[in-house]
Amino acid sequence: MRRTIAAIAVAGALLLSFDTGLAQQSPAVKIRATVANDVRAWDSYVTSRQRAGELRPMRVDRDPSLPARTIERLQQYHQGVPIWGAQVVRDSTNGVAESIFGELSSSLTIDTAPTLSSDNVEQLLVAAGDDAKLLRRATLAILPLASGEHRLVYTTVVSTDNGVYRVFVDAHTAAEVLRYSEIQTQSAVGTGRGVLGDTKKLSVLQQAGAYFADDQHRPPDLTTYDLRADFNRTLLLLNGLTSFLPSDVASDVDNDWTDASAVDAHVHVGWTYDYYFKRHGRRGLDNQDRRLVTLINAFTQQGGLTAPSLFVINAFWCDACGPGNVGLMFFGNGVPSNFFMASTGQNVAQLAGGIDVAAHELTHGVTSSSSNLIYLNESGALNEAFSDIMGTAVEFYYQTPGPGRGQADYLCGEDVFRAVRAGSLNGIRSMDNPRLFGQPDHYNLRYTGTADGGGVHINSGIANHVYYLAIEGGTNRTSGLSVQGVGPANREQIEKVFYRAFVFLLPANATFATARVATIQAAIDLYGPTGAAVTAVTQAWTAVGVS
Amino acid sequence: MKHAAGVLALVMMASAANAQTRPAPRPRARINRIFVSIDGVYQTAPKDFSDSVTFQENAESGAFSTSYDVKSGPAFTLSGGGLVWQRLAVGVGVSRFSHATPTTLSGSVPHPFFFSRPRSVSGDVGGLTRTELAVHVQARAMIPVAPRMQAMVFGGPSFFQVKQDIVNDFEISESYPYDTATFSRGVTNTFSESKVGFSVGGDFTYFLTRQVGVGGTALYAGATMKAPSPDGGTIDLKIGGFQAGGGLRFRF
C-alpha cells in the first residue's frame, strides 16, 4: 500500500503542471521515505531525476557513527538554475538506499532568462544604503515561496549596518522578494582577567545582546556553566537529575569578563584541548570531540568556608556525571585570600586559575577513554601520574619556565595553592622532589596501605619523578642513580613517549613495571632504539627502582 | 575666417611687389585661428600609492597594508581652441583613461585564542581600476616654425574627475586551531571625487594640407587628492601624469 501511495505521489508530481510566467505556482514533492517499499519507489524517482540532470550531487558524506553508510545530498535544478533549498538526501549502504528525504518543486516551466544582469542587481543592492556590502556575488536561483509561487531571483549575502542578510531580488523587476538574517549565532572573542590577574581571550557565543561561555571556535561543544552558588542545583546536575538550562551558561553583558573563575575555567579547558590536538593530534577526551562541560561557582569563596571541601578547595573530573552522563569538569572557588588551611599553611585561590589543574583533571577524561587505568593501587597511581604529567606538559606548553606564579615548573597546582604560613610550600606535589609533599621518589618507598585507593595520590610521585628525570636529568635522591635527560628543549619527546604509552599501550591494570616497559617501547617506537629518549626513560625508571 | 584670408592675401600681394627688387622671401608660416586635435596618447603612471589600516578583530588590533601599483596606459584626448590675440590662443582638452591598479595586501590578523600571536596573510587584489576624466583649460602660445609646421606650448588649470577602487577590508580562510590564516579576497569600494590641478605641455604639427595635419603632443597634468582610508585616515593620491602621443590636426 505504501509503495502504491508513493508511486501515485511520484506520478502525480510528474503530471501536475501550471501556467508559465514570471512567477509560477508549483506543487512540492515531499519525500520522507524510510520504509523499504517507499524507499525503493523514491530511489527510482530520484535516480531518474538525476539522470535527467534535474538533480545534481552537492556532496557526499559519511557518518562516523555508521561508517558503512553513504549520505548523498542532491540539489534540484531547473534549466540549469538551482531551486533554492530544493534538495534530496539519500542515505545508502553499498548503493542500496536506506532512507530518502527531500522536498522538491515539480512541473516547473518558469522562464530562467533574467531581464537584469547580476551586475545590475549588485549595484542596486550596494546603492540601497546602510553601508551595504556584498559578501557573495549575486547568483541566479529559483526561489520557492511559502505560497507555492516560484520566482526567478538573484540571491546574495549583504552585510549592512544592521546585520548580515541573505537577500533575494526578482531577476526581472529588481524587487526584493525575501530577506532573512544570516546570523544564527555568532562567534565572538571576549577578554577577561583570570585568577592570576592576567588578561586572556575567551571564545564565546554572542546571542541576543549578551555573551555566553560557549566556545564557537573549537570543534567540540565546550561550555562553562555558572552555578551561581546554588549548591542544590550543583548536586542535581552532577547526579544527572536535571538538565542544563540556557541560563546556566556563564555569561557577560559586555564581553569584558570579570568573573576570574569563569575566565580561567573556560580558557584553560580550551587550551588543554588545543594542547592535545596540536601536540598529539588528539581530538578531545575521547578523540571524537566529546563535549567538554565545566561547572564553576558552586559556592562563593565566603560561602565555601562552611561547605564540603570537595566543592571548595578541589577540582575534579567526573566521567559519568551530568545529564546523560555527559561527564563534568568541576572547579572549586577556594577560600578568601585572608584564610589559609591549617594543615598546609596555604591559601587556596579559585582552582580554575591553575592551568595544570585543569589539564590534570581533563587528562583523567583522556585516560577514561583510552587505557582506563583502574583507579586503585599501582594502576591508580599511574592514572594520577599521567594526569600530573600532562598537566605539567600543558603548563610548559603555554607558560615560560620559571619559579614565579604563572610560570612553568614541576610543581603541581602551585599557582592556586599558595604558601601563606612560614615554612609552607606552594603547590600540592613536586615532580622534581616528590618527598617535599610526602610522596615517594623511589619504588622501595612506595605506600602499600589501603588508604587513598592504595596510595593513588601518593605513589604517583614515583612515575612523576621518572617524567621529570627523563626530561631534566639529574640524580634520584634515594638511589643516588643519575639520569641523562633529553633536556628541556626536547621535552616534546618525553611528552609523546608518555602519551603513547599511557593512552595506547598500557592495559587497565598496569603496574609500574608495565609502565616502564611500555614507555621504553614507546620511546623506541617514536625515536628509535638508540634515541636519547630511550636512554632517558630507561635510566629514569631504573633510578626510581622500577625494573 | 574670411578676414584672416583677406589679411593673408594682402600680405602676399605686398610680398610679390617687393620680389622684383629682392630675393623671394621664404613663405611665412600660417597661424591657424581655430584648431582641433585628436590624439591617442600613452600616459605614464602617476605615483603608486599605499595605505595602512588598523582594525579590531578577536579583541585585539590587527593591521593590513595595501600597495597600489598604478599602471600606465593608453588614453584618448580631444582638444580644440581658437586664437584670441596675436599668437595667443585658448583651448580646451579632454582626456579619459582607465588604469588597472593591481594591488598587493599584507596583513596581520589577531589570533582568536591568544594575544600577540597574529597570523600573517598576504595576497593580490585584482580587478581594481582608476578612471580619470580630465578637462584641461589652456592658454596656448602658437609658434610658427615653417609654412607647414607649427609648434604650440600651453598650460592652465585641469579639472579631474577620478574614480579609484580602494581595498577597505579583506577576507581570510582559517580553521581550527587558527594558527595560520590564508588570504581569500579583498573587499573593495570605489572612491570618487573631483579635483582641480594643472597641466603644461607642447604640441608640434606638420600640416599635410591647408587644414589637415599630423602632430605630436606631450603634456603633463597633475593634481593631488586625499581618499578616505578604511580606518578613518586618508590616502594621498597623485592623479594625472605625463602623456605623449600623436594624432590628427585640423585648422580653420
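For the structure, check the block above.
The structure contained in this document is the topic of the report that follows. (Residues numbered from 1 in each chain as written. Chains lettered and ligands numbered in written order. Predicted model: local features only at pLDDT ≥ 70, side-chain atom pairs only at ≥ 80, totals over all residues. Heavy atoms only, no water.)

Within chain A, the secondary structure is distributed over 12 helices and 27 strands. In terms of overall dimensions, chain A is more spread out than a globule: its C-alpha atoms have a radius of gyration of 30 Å, far above the 24 Å expected for 547 residues. Within chain A, buried positions represent 53% of all 547 residues. Charged side chains in chain A number 42 positive and 52 negative. The centres of these two groups are separated by 5 Å. (Helix = DSSP H or I, 4+ residues; strand = E, 2+ residues; numbered from the N terminus. Rg over C-alpha atoms; globule rule 2.2 N^0.38 Å. Buried < 20%, exposed > 50% of the residue type's maximum accessible area, 1.4 Å probe, protein only. Lys, Arg positive; Asp, Glu negative; His and termini not counted. Charge placed at Lys NZ, Arg CZ, Asp CG, Glu CD.)

A word on the state of the cysteines. Residue and element names in this part refer to chain A. Applying the stated criterion across every chain, the model contains one disulfide over all chains. Between the sulfur atoms of Cys318 and its disulfide mate Cys321 the distance is 1.9 Å. One disulfide, between Cys318 and Cys321, carries an S-S torsion of 70° and so falls in the right-handed class. As far as burial versus exposure is concerned, Cys318 and Cys321 are alike and both buried. (Disulfide = S-S within 2.5 Å.)

Looking now at the sheet that holds strand 14 (residues 210-212) of chain A. Residue and element names in this part refer to chain A. Strand order in this open sheet of five strands is 17-14-13-12-18, and the pairing throughout is mixed. Each edge of the sheet is formed by a strand with only one pairing partner; in this case those strands are strand 17 (251-252) and strand 18 (256-257). Across two bridges, the pairing between strand 12 (residues 186-193) and strand 18 is parallel. Opposite Gly192, over in strand 18, you have Trp257 as the bridge partner. (Pairing = 2+ DSSP bridges.)

Residues and elements named next belong to chain A. Where strand 2 (residues 28-33) meets strand 6 (residues 96-105), six bridges bridge the pair, whose relative direction is antiparallel. Across the sheet, residue Val29 finds its bridge partner in strand 6, namely Leu104. Of the strand pairs in this sheet, strand 5 (residues 81-93) and strand 6 are connected by six bridges, and their pairing is antiparallel. Of the residues in strand 6, the one forming a bridge with Val89 is Phe101. The antiparallel hairpin formed by strand 5 and strand 6 contains two residues in its connecting segment, where Asn94 sits at a positive phi of about 50°.

Turning to the nonpolar core, a few remarks are in order. Residues Phe331, Tyr467, Ile494, Phe512 and Trp541 of chain A are the most contacted members of the largest nonpolar core, which totals 93 residues. Beyond its immediate chain neighbours, meaning those up to four positions away, Ile494 of chain A contacts Tyr467, Ala470, Ile471, Val486, Ala533 and Val537 of chain A. By size, the runner-up hydrophobic cluster in this structure holds 34 residues, among which are Val53, Phe55, Phe170 and Ala181 of chain B. (Core = buried A, V, L, I, M, F, W, Y, C linked by side-chain atoms within 4.5 Å. Contact = heavy atoms within 4.5 Å.)

This brings us to helix 4 (residues 231-238) of chain A. An α-helical turn contains 3.6 residues, so a residue and the one three or four places further along point in the same direction. Residue and element names in this part refer to chain A. Of the residues making up helix 4, those classed as buried are Phe231, Arg233, Thr234, Leu237 and Leu238. Projected onto a plane normal to the axis of helix 4, the buried residues spread over an arc of 155° and lie on a single side. On its buried face, helix 4 is in contact with strand 19 (292-296), strand 20 (315-318) and strand 21 (328-331). Positive phi shows up at Gly240, right after helix 4, with a value of about 70°. (Arc of directions from axis to C-beta.)

Inspection of the entire model under this criterion finds 36 salt bridges over all chains. Overlapping salt bridges bring together Arg279, Glu492, Glu495 and Lys496 of chain A as one network. (Salt bridge = Lys/Arg side-chain N within 4 Å of Asp/Glu carboxyl O.)

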